[in-house]
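Next come the chains, spelled out residue by residue.
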Amino acid sequence: MDAAQEHSQSVRGLIPVWVAKPLLALTGLFMVAFVAIHMLGNLKILIDPDSMDAYAAWLRELLVPLMPYEGALWIFRILLLLAILTHILCALALKASALKTRTPGAGGIHARRLFASAMLPTGILLAILIVLHILDLTLGVVVASAAFRPPDPAFHAAANVLASLSRPLAGAGYALFLIALGLHLFHGIGLAVKDLGMTGRRGLRIAEIIGAGIAIAIVLGDGAVLCYSLMKGLAP
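All figures in this text were calculated on a predicted structure; none of them were measured in a lab.

## Focus on the overall build of the protein
Step number 1: Scanning the protein from N- to C-terminus turns up eight helices and zero strands.
Step number 2: Expressed as a percentage of its 236 residues, the buried residues of the protein come to 32%.
Step number 3: Across the protein, every contact between residues at least 6 apart in sequence was considered, and the portion connecting residues at least 24 apart equals 73%.

Below, the structure written as structure tokens:
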């Protein structure tokens, strides 16, 4: 047995398939809800940048004084991190299981298979780009723009987004992120509904259509923010 087979068996044995599938689906849908809400928050920059700053402040003051300042936000961040890690582990376990049981030469090339084969590479790419996004706009280090401003105590969320995405390289990276996200959601939402037990052909088709609509809406919404930022950067 070679090293690749040993690694495949160790990952596959970590989480049983019957556990991995629903966990992958639930954590995936949780993250879909997050990116949808995140997109709505980003759209505030197009209407009223000050409201985006107010939204950033509200997130940190949520449930105060019941909880400490930023307490609710940190709980959500921890839950999101756990969801991401669980999602990755379940995806690796299912991939290892699929590789072990796949019949050589089975299946042909068609759209559904191409989308399915893109799930793992787009997921890996999204994980890398999420880390860069956090370094850029949450921590303001390494890849952040020179104009990044932390709360002092006023918030500068809108200005930080504009300063970051108006840079051509950062804009290109964000565009790549949106493409990967769109592909991942386009196939993943319908797949998650199926893995949670829906078996009817009509229901699955409706779930796929809704998933495609959500994916397109998120990409278009965040894409509008990217285009706006780039245009602001080009303006004299």
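## Remarks on the packing of aromatic side chains
Step number 1: Counting across every chain of the model gives four aromatic pairs.
Step number 2: Between Phe30 and Phe76, the aromatic rings sit 5.9 Å apart at their centres with planes inclined by 50°, giving tilted as the arrangement. Here Phe76 lies in helix H4 (residues 71-101) and Phe30 lies in helix H2 (residues 17-47), a separation of 46 residues in the sequence.
Step number 3: Taking relative accessible area as the criterion, Phe30 reaches 30% and is therefore assigned partly exposed.
Step number 4: A relative accessible area of 31% places Phe76 in the partly exposed class.
Step number 5: Between Tyr174 and Phe177 the ring centres are 5.8 Å apart and the planes differ by 20°, which places this aromatic pair in the stacked class. With Tyr174 and Phe177 both in helix H7 (residues 168-195), this residue pair falls three residues apart, about one helical turn. Phe177 carries the same exposure label as Tyr174, and that label is buried.
Step number 6: Taken together, the ring pairs in this structure connect Phe30, Phe34 and Phe76 into an aromatic cluster.
Step number 7: Positioned above the aromatic ring of Trp74 is the side chain of Arg77, whose terminal nitrogen or guanidinium carbon lies 4.7 Å from the ring centre.

## With respect to the side chain of His184
Step number 1: Within the secondary structure, His184 is located in helix H7.
Step number 2: Taking the relative accessible area as the measure of exposure, His184 reaches 14% and is therefore buried.

## Some words on H2
Step number 1: Here H2 is 31 residues long and its end C-alpha atoms lie 46 Å apart, about the 45 Å a rise of 1.5 Å per residue gives.
Step number 2: Those residues of H2 that fall on the buried side of the exposure criterion are Ala20, Leu24, Ala25, Thr27, Gly28, Met31, Val32, Val35, Met39, Gly41, Asn42 and Ile45.

## Here we look at the confidence of the model for the protein
Step number 1: Here the protein averages 89 in pLDDT, and 89% of its residues register 70 or above.
Step number 2: Across the protein, the secondary-structure element scoring lowest on mean pLDDT is helix H1 (residues 3-14), at 52, and the one scoring highest is helix H6 (residues 157-165), at 96.

## A look at the packing of H2 against helix H3 (residues 49-61)
Step number 1: Put simply, H2 and H3 touch, their axes get as near as 5 Å, and they point 145° apart. Across the interface between the two elements, Ile37, Gly41, Asn42, Lys44, Ile45 and Ile47 from H2 touch Pro49, Ser51, Met52 and Tyr55 from H3.
Step number 2: Looking at side-chain class alone, the contact of H2 with H3 contains six nonpolar, three polar and one charged residues.

Conventions used here
- Residues numbered from 1 in each chain as written.
- Predicted model: local features only at pLDDT ≥ 70, side-chain atom pairs only at ≥ 80, totals over all residues.
- Heavy atoms only, no water.
- Helix = DSSP H or I, 4+ residues; strand = E, 2+ residues; numbered from the N terminus.
- Buried < 20%, exposed > 50% of the residue type's maximum accessible area, 1.4 Å probe, protein only.
- Contact = heavy atoms within 4.5 Å.
- Phe/Tyr/Trp six-rings, centres within 6.5 Å; stacked < 30°, edge-to-face > 60°.
- Lys NZ or Arg CZ within 6 Å of the ring centre and 35° of its normal.
- Expected span 1.5 Å × (residues − 1).
- pLDDT = per-residue confidence, 0-100.
- Axes fitted to C-alpha atoms, helices over the stretch in contact; angles between N-to-C directions.
- Nonpolar A, V, L, I, M, F, W, Y, C, P; charged D, E, K, R; others polar.

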